[in-house]
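Residue strings, one per chain:
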Amino acid sequence: MSFLSIVFAAFLAAGLLVYHNAPVPRRPAILLVLSFLFYATWSVWDAALLLAVTAGVYGAARLLDQTPSESRKLRLLTVAIAGLLVLLVGFKCAWLLATQLNAAWVEGNPNAVLLLAAPLGLSYYSFKLLGYLLDVYWGTLPARRDFVPVALYAAFFPQIVSGPIQRAQDFFTQLDAQRASDPDSFVLGLRRILFGLFKKVAIADQLAVVVTHAHGHSLQHSSLELLLGAYCFSLQMYADFSGITDIAIGTGLLFGIRGPENFNRPYFAAANLQEFWRRWHMSLTSWLTDYLFVPLRMTFRHLGNAGLALAIFINMVAVGIWHGPRWTYLVFGCLNGVFMIVSVLTLKRRNQFFKTRPTLTRWRAWVAPLVTFHLVVLTHIFFQAPDLHSALSYLGQMLHLAPHGTVAASRMDLSSFGLTYGRLFQALAGLVVMETIHWAMSQPDWAQRFNTTRREFRWVLYYAVIVIVMLSARGTTSFIYAKF
Amino acid sequence: MTHEEAHQRLTAVFRDIFDNPSLEIADSTTADDIDDWDSVNHITLIAAVESEFKIKLSTRDVKNLANVGDFLKLIESKAA
């Protein structure tokens, strides 16, 4: 059941009715049943697996809490983490391995997909459960005695398709504090869902036309058109991923749970790559910082800058291959790792250089975010391409290094994408609106200030967005980040 | 080692790592109060503290630090 379907809307409406009419103590159990119903519509077997994995992690966390011996604790933690990682890596690599070992069996077997495809949301729920185990081991969180909150944490349906990856402590604190239904949270949730739909349908899906054509038929396009395709993909992914995150956060709010934010205006505000990654897919990067980067940094801390570089590199490679076992994701991670190492190791010197040069500093404020944006666009070419060869030939043609056929390098013909200037302008105007709203949302008390505007103004705005969404809809599409 | 002495030596480490000779720290100081105190510099700070106070800290120790006061308590308990 996709977030963008009538069935989901009906499921959500029915679920909300049942949930908010039930007594407060029963609500977590109801939400758990709803979450498993939602998940089972994708696959009953995957739902059974999720339940079994959660039960295992629940038991392991309880044992961790009760075991006094440090060495036994460490052994237990190692076994539990290894189990989760084997599951994650095993499923992610199963398809790849099977096609390498016996391609004929995979292609001729209708059950192959059922057997080998990674369960929906595996990357998200396994990271949540890994974090929970480590929190209990480090003593930052006590193991939960009840099974329901742990199972709900892993299966919480608004977050299982594409995150955000909420921390266990944050989730449990909000779950425990729930008393009565909160109308304000409901309004915030609906507004957030509407904003998410706007981003997806009015921006991301419009830009997708350019991206699909540029990557699918790169030989038919000029260098300049391919550059436009590369820009469009980075912008599409931002609108698409932050759109589904809004729908997830909004849906969570309807049930009184606020998920963590995933984006903080990453483009044009980030002055370097490390800042970009603090503003992009924040729930994943902050998770990796706490559970991978900090332990790695601690392990390599006496190696000086070499240790720092190693920790950054491993961390960014992990960011890349978290998306799947593909060479393109690995290169995406490696490129980010190398760029970030250079940026981190030279930052102090660069700052000292600019300290005594005020004119250059003013230029730096404009140029640095642009350079960062272009580095990100470059890495996204690898992220988007189906394989390494396609990525390299796209890049070669874009930079005019590879043979191009008869198309002039500087041609800019939008009709070659099947696009009009009007449609491109609409998507870009949508992006400006989106970033303006993001800016407004980052201001203190924005919700209160918005709520005190005239009611007519708010409702005209809501209806305008609904009409834009309905007029822009181009049929069923899927979200980029729903496949991880 | 007295609390005062530990505080002084820790201040010197902070000033060196964050490249700020006039930096003052209090028990309530957190990472939000000091520019550049991010996850990268945090562990650089931990390594410098280990070498200054001749102690060994684990990831778990580092995880449970909320502010400078916690850091000082940890150093004093390890150095004791």
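Note that the coordinates shown come from a computational prediction; the quantities given were computed from them, not determined experimentally.

Some details on the pattern of salt bridges
Right, so step 1: The full count for this structure, using the stated rule, is 17 salt bridges over all chains.
Right, so step 2: Between Arg301 of chain A and Glu50 of chain B there is a salt bridge; the shortest N-O distance is 2.5 Å. Highlighted residues: Arg301 of chain A in the loop between helix H14 (282–299) and helix H15 (304–321) and Glu50 of chain B in helix H2 (residues 39–53), drawn from two different chains.
Right, so step 3: Of the charged contacts, one joins Lys78 of chain B and Asp61 of chain B as a salt bridge, the two residues approaching to 3.1 Å between their closest N and O atoms. You can see Lys78 of chain B sitting in helix H4 (residues 68–79) and its partner Asp61 of chain B sitting in helix H3 (residues 59–63), a full 17 residues away along the chain.
Right, so step 4: We classify Lys78 of chain B as partly exposed; its relative accessible area is 35%.
Right, so step 5: Counted as one network, the salt bridges with shared partners bring together Arg192, Lys199, Asp246 and Glu261 of chain A.

Considering helix H19 (residues 421–441) of chain A
All names here are of chain A.
Right, so step 1: For H19, with 21 residues, the first-to-last C-alpha span of 30 Å sits near the 30 Å given by 1.5 Å per residue.
Right, so step 2: Along H19, the positions that sit buried rather than exposed are Leu424, Ala427, Gly430, Leu431, Met434 and His438. All buried residues of H19 fall inside an arc of 115° around its axis, so they share one side. Opposite the packed face of H19, turned more than 90 degrees from it, sit the exposed residues Tyr421, Phe425 and Val432.
Right, so step 3: Elements that come into contact with the buried residues of H19 comprise helix H11 (183–216) and helix H12 (223–254).

Focus on the packing of helix H1 (residues 6–21) of chain A against helix H2 (residues 27–40) of chain A
Pairs of packed helices are described in terms of their axes, by the angle between the two and the distance that separates them.
All names here are of chain A.
Right, so step 1: Interaxial distance between H1 and H2 falls to 10 Å at its minimum, and their mutual angle equals 165°. One finds that H1 runs roughly antiparallel with respect to H2. Taken as a pair, H1 and H2 cross one another with a handedness that is right-handed. Contacts between H1 and H2 pair Phe8, Phe11, Gly15, Val18, Tyr19 and His20 from the former with Arg27, Ile30, Leu31, Leu34, Leu37 and Phe38 from the latter.
Right, so step 2: In the contact of H1 with H2, the residues fall into 9 nonpolar, 2 polar and 1 charged.

Structural notes on the interface of chain B and chain A
Right, so step 1: Contact residues are listed per partner, giving 18 residues for chain B and 20 residues for chain A.
Right, so step 2: Both faces combined, the contact of chain B with chain A buries some 1600 Å², and carbon together with sulfur accounts for 56% of it.
Right, so step 3: Area buried by chain B at its contact with chain A is led by Ile43, Arg60 and Lys63 of chain B, which between them contribute 40% of it.
Right, so step 4: Our enumeration of links across chain B and chain A arrives at 4 salt bridges.
Right, so step 5: Joining chain B to chain A, the criterion identifies 8 residue pairs in polar contact (both at pLDDT 80 or more).
Right, so step 6: For the side of chain B that touches chain A, the element with the highest residue contribution is H2 of chain B, accounting for 7 residues.

Focus on helix H16 (residues 327–355) of chain A
Right, so step 1: A rise of 1.5 Å per residue sets the reference length of H16 of chain A, with its 29 residues, at 42 Å; its end C-alpha atoms lie 41 Å apart and thus fit the reference within 8%.
Right, so step 2: In H16 of chain A, a bend of some 50° at Leu347 of chain A exceeds every other bend along the element.
Right, so step 3: Buried residues of H16 of chain A: Thr328, Tyr329, Phe332, Gly333, Asn336, Gly337, Met340, Ile341, Ser343, Val344 and Phe354 of chain A, and no others.
Right, so step 4: The inward-facing, buried residues of H16 of chain A abut helix H13 (273–279), H15, helix H17 (358–384) and helix H18 (388–398) of chain A together with H2 of chain B.

Description of the side chain of Lys199 of chain A
Residue and element names in this part refer to chain A.
Right, so step 1: With respect to the secondary-structure elements, Lys199 resides in helix H11.
Right, so step 2: Of the polar contacts made by the side chain of Lys199, one reaches the side chain of Ser242; its length is 3.2 Å.
Right, so step 3: Filtering out sequence-adjacent residues up to four positions away, Lys199 remains in contact with Ala204, Ala239, Ser242, Gly243, Asp246, Met434 and His438.

Side note on the packing of aromatic side chains
Any aromatic ring pair is given by two values, namely how distant the centres are and how the planes are angled relative to each other.
Residue and element names in this part refer to chain A.
Right, so step 1: Taken as a whole and judged by the stated rule, the model has 48 aromatic pairs over all chains.
Right, so step 2: Their ring planes at 55° and their centres at 5.7 Å tell us that Tyr238 and Phe263 sit as a pair that is tilted. Note that Tyr238 is positioned in helix H12 and Phe263 in the loop between H12 and H13, a separation of 25 residues in sequence.
Right, so step 3: Judged by its relative accessible area of 1%, Tyr238 falls in the buried class.

So, unusual backbone geometry
Right, so step 1: The omega torsion of the bond from Gly163 of chain A to Pro164 of chain A falls at 0°, within 30 degrees of zero and hence cis.
Right, so step 2: Along the chain, the position of Pro164 of chain A falls in the loop between helix H9 (157–160) and helix H10 (168–177).
Right, so step 3: You will see that Arg265 of chain A, though not glycine, has its phi angle at about 40°, which is positive.
Right, so step 4: Considering the arrangement of structural elements, one finds Arg265 of chain A in the loop between H12 and H13.
Right, so step 5: Judged by its relative accessible area of 24%, Arg265 of chain A falls in the partly exposed class.
Right, so step 6: Unlike most non-glycine residues, Lys54 of chain B shows phi in positive territory, near 55°.
Right, so step 7: Of note, Lys54 of chain B is situated in the loop between H2 and H3.

The rules behind each value
Residues numbered from 1 in each chain as written. Chains lettered and ligands numbered in written order. Predicted model: local features only at pLDDT ≥ 70, side-chain atom pairs only at ≥ 80, totals over all residues. Heavy atoms only, no water. Salt bridge = Lys/Arg side-chain N within 4 Å of Asp/Glu carboxyl O. Helix = DSSP H or I, 4+ residues; strand = E, 2+ residues; numbered from the N terminus. Buried < 20%, exposed > 50% of the residue type's maximum accessible area, 1.4 Å probe, protein only. Expected span 1.5 Å × (residues − 1). Arc of directions from axis to C-beta. Contact = heavy atoms within 4.5 Å. Axes fitted to C-alpha atoms, helices over the stretch in contact; angles between N-to-C directions. Parallel < 35°, antiparallel > 145°, perpendicular 65-115°, else oblique. Left-handed = near helix turned anticlockwise from the far one by under 90°. Nonpolar A, V, L, I, M, F, W, Y, C, P; charged D, E, K, R; others polar. Buried area = accessible area lost by both parts, 1.4 Å probe. Polar contact = N/O pair within 3.5 Å; in protein donor to acceptor, adjacent residues only side chain to side chain. Bend = angle between axes of the 7 residues up to and from the residue. Phe/Tyr/Trp six-rings, centres within 6.5 Å; stacked < 30°, edge-to-face > 60°.

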